Amino acid sequence: MATKRKAELVVPVEDENDLLRITPLGAGREVGRSCIVLQYKGKTVMLDCGLHAGHEGINSLPFLDEVDPATVDLLLVTHFHIDHAAAVPYYLEKTTFKGRTFMTRPTKGVFRWLATDYIRVTNTSNSESTALYSEADLVSAHAKIEEIDVHQQIEIGGIKFTAYNAGHVLGAAMFLIEIAGVKVLYTGDYSREEDRHLVPAENPGVPVSVLITESTYGLHNHEPRVDREKAFMKQVRDVVRRRGCCLLPVTALGRTQELLLILEEYWRRYINELENVPIFFISALGKTGTRLYKQYVMDMSRRIQRQLSKTGQNPFDFRYIKTRTGASEVPETGPCVVLATPGMLQSGVSRKLLERWAPRPENGLIITGYSVEGTLAREINNSMDDIPALSGGRIPRRIAVTNISFSAHVDGAQNCAFIDEIRAPFVILVHGEENAMMRLRANIVDKYKGSDYEVAVHAPRNAQAIELHFHGEKIARVMGGLATKAPGQGDYAAGVLVEKDFNYTLVDVADLHEFTNIAPVVVEQQQHVPYSSSFSLLRLHLEQMFGTLPLTTEKSNSGETNILRVYDAVDISHSSWRTHVEVEWEGNVMNDMAADSVVAVILNTESCPASVKITQGRGCNHSHAKADGTDDNEDVANNGHASGLVRTDDNQQIAAKLALFLQQQFSQVDVADDKSNITVRLGSASAVVDSCTLSVESDSQVLKSRLAPIIAQVHRTMRPLTHRATALPEEPPLVQGLEEKTEEELGPDQELEPEAELEAEADELQLDQELGPDQEPEAELEDDLAADETGANDMAVDTNSDTSNDGDGKDSGS
């Protein structure tokens, strides 16, 4: 009975940067144009950039338009073969790629000449306008390529990469790439066998998150190397014994040098038999290639190095192999052995020689490398009766064809063994034909199903992205003074967390310059806050919030600038000619909080209900001429205050209310038509109250002394929030006179109490019902005025004596 399959648990991805995207732009279920792109944490790395041997021109390129070249940070090339490196000049010179490119030293040296040969061969069949790049492009691109040594680690912008021996050809490397703790191993083409001149591929020996490996041979296994060499030499010997020509299509550089070493050794051993059989290596790069291999012997296997040390002769100084540049230098008939390029028989010398020797049965063709699908080297293995000629038509095939692979690719068993050694949780298969690749994938999945090694195997097509979610922990190293003491249970460390290239470091501020490239700096911050009211109102609100604040005044040609300082950290500057307040402070956490509070208070100063009441109304329209000829009205317009008051238009509002109040206390109170003053008459005495300044002018000292405290009390009653910051009307001259009197003049029973006297005068502002039916303040003032007219020596004292106490000892004003 079938059971339902449980749905897989899908973990939501919170951050797109936690997704590792691996996209093959080439070599996805195919062999050729290798190009793999890694994208993780905003970084992009391209691995290899080759061409497809089965296509021509632009069609041979990888699908480069799938990824914006301007976003690629690095291009890492594993080896110099056409299908891995030939598109590099195009990518560096014909696109917007601005990143850095790395190869090993031997790869860079050989690549230059191999790409030159590619341009030469391509231009023989294509016009210059259709060629992918020119010789000038190659020279320019080659100068941009940087070198990396085996086992050298380089870090660029948070991307760490290390080269390891791959064993495929001279200088071939596999790359270990690390981004934010995620390690990806890309093998490129690799071989696990040690042959005559190359070291085998090595295991990096570190945990790997993702393994991207070739799958060229799928599950097919190679014969042992010794058996292959015996079979190879048997076929060569059989051809030359029947006086035929033996054709070996090869690449100019790579496995060709391994075949040359085998032939040289065999001819040396059987020189008596083979002395008259020549070996030709026909390639435009034949001599150059040999010279390059001589140069890099120290990058080869221990066997080559021991031979050089023992004999003192470079193994690539061949005695029995002759280098030629063209097919015309080869005899029409055998016996002879010819190694000719290219290896896929698509064109060139190897194709010309095949067409020449194909009709003769004594000749032999040995395919020694991997043949890409769609090439003549692959098709001729399928028992073709005739072959197509480059000039047109068909040529009968009677030449004997043998396939003995010396391809330096791992076979199925070697690949599976390497996967088991690495034990990466994710394996990506590339560089293999679809059928072979899918068989290998199925084998790996079945092999480890139910075991302790849980592995996910992917075989993407070209331009198909594989997304893998990685969400690692962020670990910070504590350095400097914070690391002097080991933390205990529950302890915490406070410092500056520095992130650079996905590495985190926690250090004290004082240690920043020592352990990082960061130098601490002081940030002076300044903010302009709109404000148009008076400084006194501003100071009032700030002191209500922060307490008494120190004040500094600076004078300039423009006017005065008042500066308040809050918490010894935030300066508030108010200038009379500006419509804003400047707030300045040294940036840090505490000061920023204080500055935010100050700005909030300033913004609220003009908008709170009490301030609106204080600042509402209009200014007076009469002149306030000063002794120097200036006008106070200018101060009123510019600063919002005059004569020490916060705003004169506010005082006008108080004066209007004061007139109504005085009319309840005095019988004759007149308000001027322009409301500029209030006139109070009492008998023959009169007093004028200025509506703007609330000052009192009168010839009668008694009347003036009575009005001043009344006005002050009304001012306090209507403006309770500003009495601290606003100048009040002057104290009555009566009190000032009292302070000058001596105790003998006042009498033994009278004490000088100015404050009590002012309170008594202010009590006259009470309502009539509080004064009583028999007591009238106006009558009291008339008596005082009468006493004043009798010529008393000191009106102020006499008036005080008359009004201080009545018969029952109570204040007559109360």
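Procedures and definitions
- Residues numbered from 1 in each chain as written.
- Predicted model: local features only at pLDDT ≥ 70, side-chain atom pairs only at ≥ 80, totals over all residues.
- Heavy atoms only, no water.
- Helix = DSSP H or I, 4+ residues; strand = E, 2+ residues; numbered from the N terminus.
- Buried < 20%, exposed > 50% of the residue type's maximum accessible area, 1.4 Å probe, protein only.
- Areas by Shrake-Rupley, 256 points an atom, 1.4 Å probe, with all protein chains shown as cover.
- Patch = residues over 30% accessible without salt bridge, like charges linked within 9 Å, V, L, I, M, F, W, Y side chains within 5 Å.
- Salt bridge = Lys/Arg side-chain N within 4 Å of Asp/Glu carboxyl O.
- Phe/Tyr/Trp six-rings, centres within 6.5 Å; stacked < 30°, edge-to-face > 60°.
- Lys NZ or Arg CZ within 6 Å of the ring centre and 35° of its normal.
- Core = buried A, V, L, I, M, F, W, Y, C linked by side-chain atoms within 4.5 Å.
- Contact = heavy atoms within 4.5 Å.
- pLDDT = per-residue confidence, 0-100.
- Pairing = 2+ DSSP bridges.
- Axes fitted to C-alpha atoms, helices over the stretch in contact; angles between N-to-C directions.
- Parallel < 35°, antiparallel > 145°, perpendicular 65-115°, else oblique.
- Left-handed = near helix turned anticlockwise from the far one by under 90°.
- Nonpolar A, V, L, I, M, F, W, Y, C, P; charged D, E, K, R; others polar.
- 1 Å grid on protein atoms, 1.4 Å probe; cavity = no way out; pocket = protein on both sides within 12 Å on 5 of 7 lines; lining within 4 Å.
- Points joined across faces, edges and corners; volume = space filled by probe spheres on them.

**Focus: the overall build of the chain**
What the chain contains, in helices and strands, is 26 helices and 34 strands. Within the chain, the fraction of its 814 residues that count as buried is 49%. As displayed, the chain offers around 40,100 Å² of accessible surface, 47% of which is attributable to carbon and sulfur atoms.

**Focus: a nonpolar patch on the surface**
Taken together, the side chains of Val589, Met590 and Met593 present a nonpolar region at the surface, about 360 Å² in accessible area. Position of Val589 relative to the elements: it lies in helix H16 (residues 589-605). With a relative accessible area of 64%, Val589 lands in the exposed category.

**Some words on the pattern of salt bridges**
Under the definition given, this model contains 37 salt bridges. Note that Asp18 is salt-bridged to Lys41, the shortest N-O span being 2.7 Å. Within this pair, whereas Asp18 is found in the segment before strand S1 (19-26), its partner Lys41 is found in the loop between strand S2 (35-40) and strand S3 (43-47), the two being separated by 23 residues in sequence. The class for Lys41 is partly exposed, based on a relative accessible area of 22%. Close ionic contact of Arg578 with Glu582 constitutes a salt bridge, the shortest N to O distance being 3.6 Å. On the basis of relative accessibility, which here comes to 32%, the residue Arg578 falls in the partly exposed class. What emerges from the salt-bridge pattern is a single network uniting Arg196, Arg225, Glu229, Glu265, Arg269 and Arg303.

**Thoughts on the packing of aromatic side chains**
In total, this model carries 14 aromatic pairs according to the counting rule given. Considering the side-chain rings of Tyr40 and Phe470, the 6.4 Å spacing of their centres and the 75 degrees angle between planes classify their relative orientation as edge-to-face. Here Tyr40 is found in strand S2, whereas its partner Phe470 is found in the loop between strand S22 (466-469) and strand S23 (476-478), with 430 residues between them in sequence. Tyr40 gets classed as buried once you look at its relative accessible area, which sits at 4%. Of the residues examined, Phe470 reaches a relative accessible area of 13% and is grouped as buried. A network of ring pairs unites the aromatic residues Tyr40, Phe426 and Phe470 as a single cluster. The lysine or arginine in question, Arg112, covers the ring of Trp113, its NZ or CZ lying 5.8 Å from the ring centre.

**Overview of the nonpolar core**
Ranked by internal contacts, the top residues of the largest apolar core, which has 99 residues, are Met46, Phe232, Trp267, Val337 and Leu339. For this core, the element with the most residues is helix H6 (residues 255-269), which contributes 7 residues. Setting aside residues no more than four positions away along its own chain, Trp267 makes contact with Met233, Val236, Leu274, Val277, Ile279, Tyr320 and Val337. Within the second largest apolar cluster, 30 residues are counted, among which are Tyr40, Ile156, Ala163 and Leu468.

**Focus: the confidence of the model for the chain**
In this model, the chain carries a mean pLDDT of 81, and residues with pLDDT of at least 70 account for 79%. Mean pLDDT across the elements of the chain ranges from a minimum in helix H24 (residues 768-771), with 38, to a maximum in strand S4 (residues 74-76), with 98. Scored below 50 in pLDDT, residues 617-627 makes 28 contacts in the model with residues more than four places away or belonging to other chains. Taken as a whole, residues 791-814 scores under 50 in pLDDT and shows 38 contacts with residues more than four places along the chain or in a different chain.

**Focus: the side chain of Ser215**
By the element assignment, Ser215 lies in the loop between strand S11 (210-214) and helix H5 (225-241). For Ser215, the contacting residues outside a window of four places in its chain are Asn415, Leu429, Val430, His431, Gly432, Met437 and Leu440.

**Some words on the sheet that holds strand S21 (residues 456-458)**
The strand order across the open sheet built from 7 strands is S7-S8-S9-S10-S11-S20-S21, with neighbouring strands paired in mixed fashion. With one partner strand each, in any of the chains shown, strand S7 (153-156) and S21 form the two edges of the open sheet. With strand direction ignored, the average angle separating the axes of adjacent strands in the sheet is 20 degrees. Relative to strand S10 (residues 182-186), strand S9 (residues 173-179) runs antiparallel, the two sharing 5 bridges. Residue pairing for S10: Ile179 is matched across the bridge by Val182. Helix-sheet contacts for helix H12 (residues 412-422) involve S9, S10, S11 and strand S20 (426-430), and the interaxial angle to S11 is about 170 degrees.

**Quick look at the packing of H5 against H6**
Where H5 meets H6, the axes come as close as 12 Å, and the angle between the chain directions of the two elements is 65 degrees. Our classification of the angle between H5 and H6 gives roughly perpendicular. For the pair H5 and H6, the sense of crossing is right-handed. Where H5 abuts H6, its residues Glu229, Phe232, Met233, Val236 and Arg237 lie against Leu259, Ile262, Leu263, Tyr266 and Trp267. Partitioned by chemical class, the residues of the contact of H5 with H6 number 8 nonpolar, no polar and 2 charged.

**Side note on helix H10 (residues 348-357)**
Within H10, 7 of the 10 residues are buried, which leaves it mostly tucked inside the rest of the structure. For H10, the set of buried residues is Val349, Ser350, Arg351, Leu353, Leu354, Glu355 and Trp357.

**Some details on the packing of H12 against helix H13 (residues 434-448)**
Between H12 and H13, the shortest axis-to-axis distance is 11 Å and the interhelical angle comes to 45 degrees. Between H12 and H13, the interaxial angle falls into the category oblique. Crossing geometry of H12 relative to H13 is assigned as right-handed. Side by side, H12 and H13 meet where Asn415, Cys416, Ile419 and Asp420 of the first sit next to Leu440, Asn443, Ile444, Lys447 and Tyr448 of the second. Here the residues of the contact of H12 with H13 sort into 5 nonpolar, 2 polar and 2 charged.

**Regarding the environment of Phe661**
Locating Phe661 in the fold gives a position in helix H19 (residues 648-665). The exposure class assigned to Phe661 is partly exposed, which follows from its relative accessible area of 29%. The spatial distance from the C-alpha of Phe661 to the C-alpha of Val714 is 8.7 Å, given a sequence separation of 53 residues.

**Side note on the environment of Leu20**
Structurally, Leu20 is set in strand S1. When neighbours within four sequence positions are excluded, Leu20 is seen to be in contact with Gln39, Tyr40, Val182, Val184, Val210, Ile466, Glu467, Leu468 and Phe470.

**A word on the sheet that holds strand S31 (residues 668-671)**
Taken in spatial order, the 4 strands of this open sheet run S31-S32-S33-S34, and their pairing is antiparallel. Looking at which strands have only one partner, the edges of the open sheet turn out to be S31 and strand S34 (696-698). Pairwise comparison of adjacent strand axes, ignoring direction, gives a mean angle of 20 degrees for this sheet. With 3 bridges joining them, strand S33 (residues 685-690) and S34 adopt antiparallel strand pairing. Bridge assignment links Ala687 to a residue of S34, and that residue is Ser698.

**Focus on the pairing of strand S25 (residues 503-507)**
Counted residue by residue, S25 has 4 buried out of 5 residues, so it is predominantly covered. Of the strand pairs in this sheet, S23 and S25 are connected by 3 bridges, and their pairing is parallel. Looking across to S25, one finds that Ala476 is bridged to Tyr504. Note: strand S24 (residues 496-500) against S25, 5 bridges, orientation antiparallel.

**Looking at empty space enclosed by the protein**
Going through the model one piece at a time under the given rule, you end up with 5 cavities of 30 Å³ or more. Estimated volume of the largest cavity: approximately 130 Å³. If you go around the largest cavity, you meet 16 residues; those closest to its centre are Glu193, Asp195, Arg225, Arg228 and Arg255. For the lining of the largest cavity, the elements supplying multiple residues, two or more each, are H5 and H6.

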